[in-house]
Amino acid sequence: MSGERFSSALENADDRIVAGRAADGDAAAFAVLVRRYTPMMRAYARRILPGSAEVDDVVQDTFITAWAQLPELENLERVKSWLMRITSRKAVDRLRSSRAHADIDLVEPVASPAATPPRRAEALASVAALSAALKELPDAQRECWVLRELGDYGYDEIAEELDLPLSTVRGLLARARKYIIVRMEQWR
């Protein structure tokens, strides 16, 4: 019973506590981080990479890196954003190496499961339209757009992540947004 209580307490603990225990080598605490953030990391990587096998590889590589580097993380409360940065780097590296395209066809539609069938169909169609628009963007614009709009990265973070000057990131994002706005006009 006490083991179950400990497990439940660990599952419900905040990131700082769980990450702190994991940084000290607690495999059970690290497993909590894996369960807590795998779905979000998979969804994020899926928006950058085309295949689910690659997505799983990126998430696995991220956790391998995280396990090794977690003791060096200074602000344990930011473990979520730290994991997402690692995921992003690994996904972008894989994208660069294969020159694959971001495929957001697998994005869950914005309509809730309780929505009417026409609303759900409309949500699926809008995701398909966005996916098509993203595929038409040049690689650099698409990477910037995905990191900013889906990854919630700041301009400085994108510049660092993609090893580009800040002014280039701003220009790429402006062009990508303009194109997306024009292509998605009918979905407003």
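Residues numbered from 1 in each chain as written. Predicted model: local features only at pLDDT ≥ 70, side-chain atom pairs only at ≥ 80, totals over all residues. Heavy atoms only, no water.

A. Quick peek at a negative patch on the surface. A cluster of acidic side chains, namely D152, D156, E157 and E160, defines a negative patch on the protein surface. For E160, the position within the fold is in helix 8 (residues 155-162). (Patch = residues over 30% accessible without salt bridge, like charges linked within 9 Å, V, L, I, M, F, W, Y side chains within 5 Å. Areas by Shrake-Rupley, 256 points an atom, 1.4 Å probe, with all protein chains shown as cover. Salt bridge = Lys/Arg side-chain N within 4 Å of Asp/Glu carboxyl O. Lys, Arg positive; Asp, Glu negative; His and termini not counted. Charge placed at Lys NZ, Arg CZ, Asp CG, Glu CD. Helix = DSSP H or I, 4+ residues; strand = E, 2+ residues; numbered from the N terminus.)

B. Quick look at the packing of helix 3 (residues 27-48) against helix 7 (residues 139-150). Where helix 3 meets helix 7, the axes come as close as 10 Å, and the angle between the chain directions of the two elements is 155°. In terms of orientation, helix 3 and helix 7 fall into the roughly antiparallel class. In this structure, the crossing between helix 3 and helix 7 has a hand that is right-handed. Facing Y44, R47 and I48 of helix 3, the residues of helix 7 in contact are V146, L147 and L150. (Axes fitted to C-alpha atoms, helices over the stretch in contact; angles between N-to-C directions. Parallel < 35°, antiparallel > 145°, perpendicular 65-115°, else oblique. Left-handed = near helix turned anticlockwise from the far one by under 90°. Contact = heavy atoms within 4.5 Å.)

C. Focus on the pattern of salt bridges. Tallying each qualifying case throughout the model produces ten salt bridges. Where R16 meets E77, a salt bridge forms, and the shortest distance between an N and an O atom there is 3.7 Å. Taken together, the positions of R16 in helix 2 (residues 15-23) and E77 in the loop between helix 4 (52-69) and helix 5 (79-98) put the pair 61 residues apart, joining distant regions of the chain. By relative accessible area, which is 42% here, R16 ends up partly exposed. R21 is paired through a salt bridge with D26; the nearest N and O atoms lie 2.9 Å apart. Ionic contacts of the salt-bridge type, sharing partners, join the residues D57, D61 and R94 into one network. (Buried < 20%, exposed > 50% of the residue type's maximum accessible area, 1.4 Å probe, protein only.)

D. Geometry of the confidence of the model for the protein chain. When pLDDT is averaged across the protein chain, the result is 80; 82% of the residues are at 70 or more. Low confidence marks residues 99-103, where pLDDT is under 50. Its contacts with residues over four positions away, or in another chain, come to 23 contacts. (pLDDT = per-residue confidence, 0-100.)

E. Representation of the nonpolar core within the structure. By size, the foremost hydrophobic cluster in this structure holds 50 residues, and its most contacted members are L33, L70, V79, W82, L83, I158 and I180. Elements with a minimum of two residues in this core: helix 2, helix 3, helix 4, helix 5, helix 6 (117-136), helix 7, helix 8 and helix 9 (166-183). At nine residues, the largest contribution of residues to this core is made by helix 3. Once you skip the residues sitting within four places of it in the chain, L83 turns out to touch Y37, M41, T62, F63 and A66. (Core = buried A, V, L, I, M, F, W, Y, C linked by side-chain atoms within 4.5 Å.)

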